[in-house]
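Structure at a glance
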Amino acid sequence: MPGALLFSSRLDDPVAWSAALKAALPELDVRVSPELGDPAEIETALAWKAPPGELASLPNLKLITNLGAGVDPILADATIPPHIPVARLGDAVMARMMAQFVTFAVLRHHRGNVRYERQQRARHWDYVLPRASYDCPVGVMGIGLLGGAAARMLASIGFPVAGWGRSPRRIEGIETFHGAAGLAPFLARTEILVVLLPLTPETRHIVDRDALYRLPRGAKLVNCGRGGTVDEAALLAALEDGQIAEATLDVFETEPLPADHPFWRMEQVLVLPHTASIAVPEVAARDVVENIRRLETGEPLLNIVDRARGY
Ligand code: NDP
């Protein structure tokens, strides 16, 4: 009999998650924060931005699963004891949803929709010859689970796709670059830049003024990783200057995006409320339960985060 699981999220639906967890493991005792019951009975937690100190107050906690792919908030909680492993969610459904979002954003820029949306508002008919996708190099920064899926989907519809990561990686049909030395050539060949990086001390503001101006003039930017990986002040200046022609932004340095932020009123910027992809309870609960099973048998746990690396 596994110990109890604490569900702690103010964003996600506890009813849907409890049902999905119970469907995957009927005997699981699911407690929903802040109703902890006896904290000593809780051995695992599924948490998104749990109140600071809540997880640290559980004396028999053996595993924390971050309710999402991005672990920057949970790693920022200094109260969590370092010996407790942290797993992240990430499955094929989440990856496909992200790849579809990226494909939508890239196609919107590639097919001139930003211009046509502006033209519609002005009741203005003007035809621009569409370009073939093989003529539009796309670059994906971060080619892990989600970025890799996005890169593959874009390549499958004919875009020349390159990916950039920390370490060397081979993905069929994708040109790959890595590390500081690989960044400049990766950016120089990229017309639509997709940023799908985790937020770590190394990636904070990695897309800065210098990076933006290494892209060809008039490049387009899609950020659906974390807002903090892009220097927003530099992006704003590059958009005003025309170096970056258009942007689709799903994530921001401050969320919700403050009402007075200039991005809201820029026609060339699509502002979205951090909606690119999610963990679907029915699917993701299976991975949570698989790790609970592994915890009991002593098998290696899945999707464990490297805390020192930050992702
Ligand atoms: P992964 O951990 O699978 O992949 C991360 C990628 O980023 C890897 O390719 C990794 O390189 C690369 N990377 C990390 N640090 C660096 C660095 N310093 N320099 C260069 N490359 C680096 O993450 P996922 O693909 O699953 O998720 C990516 C991010 O997407 C999440 O961290 C989260 O913040 C965000 N996200 C956003 C959502 C939204 O709705 N907008 C939804 C879900 C996630 P390497 O290959 O060498 O390890």
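Everything in this summary refers to the structure shown in the same document. Per chain, residues are indexed from 1 in the order of the written sequence. Note on the predicted model: pLDDT of at least 70 is required for a residue's local features to be given, and 80 or more for side-chain atom pairs to be given and counted; whole-chain, interface and lining totals, by contrast, use all residues. No hydrogens and no water enter the side-chain calculation; it runs on all heavy atoms of the structure.

1. What about the sheet that holds strand 4 (residues 63-66)?
Spatially, 5 strands are ordered 2-1-3-4-5 in an open sheet, and the strand pairing comes out parallel. Of all strands in the sheet, those bounded by a partner on one side alone are strand 2 (30-32) and strand 5 (86-88). When strand polarity is set aside, the average angle formed by the axes of neighbouring strands in this sheet is 25 degrees. Sheet analysis places strand 4 next to strand 5, joined by 3 bridges and oriented parallel. What sits directly across from Ile64, in strand 5, is Val86. We call two residues in contact when some of their heavy atoms are within 4.5 Å. Angles shown run from 0 to 180 degrees and are taken between the N-to-C directions of axes, each axis being a line fitted to C-alpha atoms and, for helices, limited to the stretch in contact. Note on conventions: DSSP H or I runs of at least 4 residues are helices, E runs of at least 2 residues are strands, and numbering of each starts at the N terminus. Packing of helix 1 (residues 14-24) onto the sheet brings it into contact with strand 1 (4-9), strand 2 and strand 3 (42-48), and relative to strand 2 it is tilted by some 170 degrees. At least two bridges found by DSSP between two strands are what make those strands a pair.

2. With respect to a nonpolar patch on the surface
Side chains of Trp125, Tyr127 and Leu129 sit close together on the surface and give an oily, nonpolar patch of about 510 Å² of accessible area. As for its position among the elements, Trp125 is in the loop between helix 4 (113-121) and strand 6 (138-141). Three labels apply to residues, based on accessible area from a 1.4 Å probe with only protein chains included: buried if under 20% of the type maximum, exposed if over 50%, partly exposed otherwise in between. With relative accessibility at 81%, the residue Trp125 sits in the exposed group. Put simply, a patch holds well-exposed residues, over 30% relative accessible area, that have no salt bridge, with like charges counted together within 9 Å and Val, Leu, Ile, Met, Phe, Trp or Tyr side chains within 5 Å. For accessible areas, the Shrake-Rupley method is used with a probe of radius 1.4 Å. Any residue's cover is judged against the shown protein chains and nothing else. What counts as a salt bridge is simple: a side-chain nitrogen of Lys or Arg found within 4 Å of a carboxyl oxygen of Asp or Glu.

3. Considerations on the environment of Phe159
Considering the arrangement of structural elements, one finds Phe159 in the loop between helix 5 (145-156) and strand 7 (161-165). Phe159 gets classed as buried once you look at its relative accessible area, which sits at 4%.

4. Some details on helix 6 (residues 179-188)
Every buried residue of helix 6 is accounted for by Gly179, Gly182, Leu183, Phe186 and Leu187. Down the axis, helix 6 shows its buried residues gathered within 125 degrees of arc, on one side only. Among the exposed residues of helix 6, those oriented more than 90 degrees off its buried face are Ala180 and Ala181. Those residues of helix 6 that are buried are in contact with strand 6, strand 7, strand 8 (175-178), strand 9 (192-195) and helix 7 (209-214). Taking the helix axis as origin, the arc is that swept by the directions to the C-beta atoms.

5. Quick word on the packing of aromatic side chains
Stacked, edge-to-face and tilted labels apply to pairs of Phe, Tyr and Trp rings (six-membered ring for Trp) whose centres lie within 6.5 Å, assigned for plane angles under 30 degrees, over 60, and everything in between, in that order. All chains considered together, the criterion is met by 3 aromatic pairs. Ring plane angle 50 degrees and centroid distance 6.4 Å describe the contact between Phe252 and Phe263, whose orientation is recorded as tilted. Placement of the pair is Phe252 in the loop between strand 11 (244-249) and strand 12 (269-271) and Phe263 in the loop between strand 11 and strand 12, with a sequence separation of 11 residues. For the pair shown, Phe252 and Phe263 are each scored as buried. In this scheme, Lys NZ or Arg CZ marks a charge over a ring once it lies within 6 Å of the ring centre and within 35 degrees of the ring normal. Over the ring of Tyr213 we find Arg209; its NZ or CZ atom is 4.2 Å from the centre of that ring.

6. Thoughts on the layout of surface pockets
Each cavity reported here is a set of points on a 1 Å grid over the protein atoms alone in which a 1.4 Å probe fits but cannot get out, each pocket an open set with protein on both sides within 12 Å along at least five of seven lines, and each lining residue one with an atom within 4 Å of a point. Grid points are joined across faces, edges and corners, and a volume is the space filled by probe spheres set on the points. Its volume calculated, the second largest pocket comes out at about 390 Å³. Elements supplying a minimum of two residues to the lining of the second largest pocket: helix 3 (92-110), helix 4 and strand 11. In terms of residues, the lining of the second largest pocket owes the most to one element, helix 4, which gives 4 residues. Under the convention adopted here, Pro, Cys and the residues Ala, Val, Leu, Ile, Met, Phe, Trp and Tyr are nonpolar, Asp, Glu, Lys and Arg are charged, and Gly plus all remaining residues are polar. Grouping the constituent residues of the lining of the second largest pocket by class yields 8 nonpolar, 4 polar and 7 charged.

7. A short note on unusual backbone geometry
Residue Pro34 is reached from Ser33 by a cis peptide bond, and omega for that bond is 10 degrees. Across the junction of Glu255 and Pro256, the peptide omega takes the value -5 degrees, indicating a cis bond. Position of Pro256 relative to the elements: it lies in the loop between strand 11 and strand 12. In this structure, His205 takes a positive phi of about 55 degrees despite not being glycine. Relative to the helices and strands, His205 is located in the loop between strand 9 and helix 7. Taking the relative accessible area as the measure of exposure, His205 reaches 29% and is therefore partly exposed. Of note, the phi angle at Asn303 is positive, near 55 degrees, even though the residue is not glycine.

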